[in-house]
Each structure stands twice: as structure tokens, then as C-alpha cells.
Amino acid sequence: MSASWRTVPMPPRVAELPRNSAGRPVPGNIAWHGVDDDGSILLTRSPELGGHITCRCTPGLGTPVFGEQCPVRQREFMTRRRCGLCTKYIATTEQLAFIGETNAAYYLEPPLHLSCAAYALQVCPRLHAAGDRIEVCLTHTYTLAEDRITGMTPEGDLVRAKFRFGDPIARDLAVLEFYLAFPDAPERRSGPAWLLAQQPRHDGEHPTPER
Ligand SMILES: [Zn+2]
Ligand SMILES: [Zn+2]
């Protein structure tokens, strides 16, 4: 079962997204590298965030880098409850989904509409390849924390630490890159089983019972 973005029907909101050169819709949280972009990390400072990483990319301009999140949109989607795929607001009355490894305590990718999560599970090669190791975490609300860079190892690797959301001390200590979402009262399902339960049933088929 190798579903592809070419054959899986796109939710209307996903069909409106900018595409890559092959015509594939690019998730809203993905970073784009412009023609004259040298890939360097841009640091700035503001009273609200303290030191933080910023980005000037524009969706639809340049080349999307699948697997790399734009820190600016990641933070905006996390704080404003906007979908990491289609970019639209997720109503507070709606359940939302995070996709990640089994029993993940927190998520680095923004929340998703349930229809967008089902689409992503079918067409994203990385999620597809991971099969049962991918979990869908359903929740109505989540709590944010800050993922900040505190320094660098002698080998040149970034050292990171988690801070409480809005922690005034953290602003002076470390550089904010992303927000982390900790789901409140999560319901967890294996990716393939949840996906199966989302799809319309046909006569004669017995859907796999959910755990
Ligand atoms: Zn960006
Ligand atoms: Zn969505």
C-alpha cells in the first residue's frame, strides 16, 4: 500500500497550499530557501521573546526544504492553534492531532486538523515508512514550553534546554528556536489503526478495533 500525494484526495485547504516543483503541496510549517539564501541562521532579539532565531522565508518563493521547519511559522502556529499542514486555525471545539513517535511526551511539529493528519499519514513518505512506530495523539488542548539554545559543544553541536513558556529568566539565558507542545489528557492511537478508523467503511470490511 504505497499511497502517494498524486492519488490520495487532498482536503480543500491542502489543495490551496504552495507546491514544490513536482506539484506536491508543501506543508505550512516547512522552511523555504530563497535563491540568494546562504542558509545561515538569523538571530534577533525582542522584549517579548528575548534572543530568538528568526527567518525571512516566504512560502511559495524558492525551494521548500522538507524536514526543516520555519521557526517563525512554527512558533506562530503553536501559539495560535493553527494547523502545521494547511495553516488554518483549529477551532477550540475541535479535537486536534499531533503526530510523532510512540508515547512522545511533547511535539515539535504544530497541531493538525484531523482531516489534515489523516492526509499527512497517507502521503508523507517518512510517516508512511515508520508504520506502527508512528502514533496519533488526540487532544483538545495543549501546553507550550520553549526549546532554547543554551550554547554549543566543542564539536559544534547546539546544546538545548526546555523552559517554561514565557519564562522571563530564559529570555536572557538562551536563544528561542521552537515551541514544544505537551498535549493535555492525550488519547493515543497507532498511526495505521487510527487511519483505518477514519476511512469510510465498505460492506464486507471489518475495521481493525482501536486500542
Ligand atoms: Zn522561514
Ligand atoms: Zn489543517
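No experiment lies behind these values; they were computed from the predicted model shown.

What counts, and where the lines are drawn
Residues numbered from 1 in each chain as written. Chains lettered and ligands numbered in written order. Predicted model: local features only at pLDDT ≥ 70, side-chain atom pairs only at ≥ 80, totals over all residues. Heavy atoms only, no water. Donors = N, O, S within 2.8 Å, 3.2 Å for Na, K, Ca; no water. Tetrahedral: all angles 85-135°; square planar, octahedral: opposite > 155°, others 65-115°. Helix = DSSP H or I, 4+ residues; strand = E, 2+ residues; numbered from the N terminus. Buried < 20%, exposed > 50% of the residue type's maximum accessible area, 1.4 Å probe, protein only. Phe/Tyr/Trp six-rings, centres within 6.5 Å; stacked < 30°, edge-to-face > 60°. Lys NZ or Arg CZ within 6 Å of the ring centre and 35° of its normal.

Caption draft 1: Main features of the coordination of the zinc ion (ligand 2). In this structure, Cys83 (SG), Cys86 (SG), His113 (ND1) and Cys116 (SG) serve as the protein donors to the zinc ion (ligand 2), at separations of 2.1 to 2.4 Å. Coordination geometry of the zinc ion (ligand 2): the four donor atoms subtend angles of 97 to 120 degrees at the metal centre, consistent with an arrangement described as tetrahedral. Between consecutive donors of the zinc ion (ligand 2), the numbers of intervening residues give the motif C-x2-C-x26-H-x2-C. Within this pair, whereas Cys83 is found in the loop between helix H2 (71-80) and strand E5 (96-101), its partner Cys116 is found in helix H3 (residues 114-123), the two being separated by 33 residues in sequence. Cys116 gets classed as buried once you look at its relative accessible area, which sits at 0%.

Caption draft 2: Layout of the packing of aromatic side chains. By the definition in use, this model includes four aromatic pairs. Between Phe98 and Tyr142 the ring centres are 5.3 Å apart and the planes differ by 85 degrees, which places this aromatic pair in the edge-to-face class. Of this pair, Phe98 sits in strand E5 while Tyr142 sits in strand E7 (residues 142-152), placing them 44 residues apart in sequence. With a centroid separation of 5.2 Å and 40 degrees between ring planes, the pair formed by Tyr106 and Phe182 is classed as tilted. You can see Tyr106 sitting in the loop between E5 and H3 and its partner Phe182 sitting in strand E9 (residues 175-183), a full 76 residues away along the chain. When its relative accessible area of 32% is taken as the criterion, Tyr106 is described as partly exposed. These aromatic residues form a ring-pair network of at least three members: Phe98, Tyr107 and Tyr142. The aromatic ring of Phe66 is capped on one face by Arg24, whose charged end is 5.0 Å from the ring centroid.

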